[in-house]
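Breakdown of the fold
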Amino acid sequence: MDAFTAGLLQRIKTTESDLSRARDEGDEFLVEVELGELDDLRRLAAEHGVEVSATTA
């Protein structure tokens, strides 16, 4: 796994964790922010052929 792929997968994992925390705290604004970030990261992964399992959202 190259550095780009590893970094992207780590960012996705971190964003999923942040999204889960925002949901648990009831922070609707932060949930929307994290969902947007997650969508962008997943789109970037797809554009570069990085396989990502859908775990959250």
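Residues numbered from 1 in each chain as written. Predicted model: local features only at pLDDT ≥ 70, side-chain atom pairs only at ≥ 80, totals over all residues. Heavy atoms only, no water.

**So, the environment of Ala45**
Counted only if it meets this: In this description a helix means any DSSP run of H or I spanning at least four residues, a strand means any run of E spanning at least two, and both kinds are numbered starting from the N terminus. Whether a residue is buried, partly exposed or exposed follows from its accessible area with a 1.4 Å probe, protein chains only, as a fraction of its type maximum: under 20%, in between, or over 50%, in that order. The contact criterion used throughout is that any non-hydrogen atoms of two residues lie within 4.5 Å.
One can find Ala45 in helix 2 (residues 28-47). The class of Ala45 is buried, set by a relative accessible area of 0%. A C-alpha to C-alpha distance of 8.1 Å links Ala45 and Thr5, two positions 40 residues apart in sequence. Every residue in contact with Ala45, bar those within four places of it in the chain, is listed here: Leu8, Ile12, Val50 and Val52.

**Observations concerning helix 2**
The following threshold applies: A helix's residues, less one, multiplied by 1.5 Å, set its expected span. The arc under discussion is defined with respect to the helix axis, by the directions toward the C-beta atoms.
Along its 20 residues, helix 2 runs 29 Å from first to last C-alpha, staying within 8% of the 28 Å computed at 1.5 Å per residue. Among the residues of helix 2, those classed as buried are Val31, Glu34, Leu38, Leu41 and Ala45. Projected down its long axis, helix 2 carries its buried residues within an arc of 95°, all on one side. Those residues of helix 2 that are exposed and aimed more than 90 degrees away from the buried face are Glu28, Phe29, Glu32 and Glu47. Along its buried surface, helix 2 packs onto helix 1 (3-25). Phi for Gly49, located one or two positions after helix 2, is positive at around 70°.

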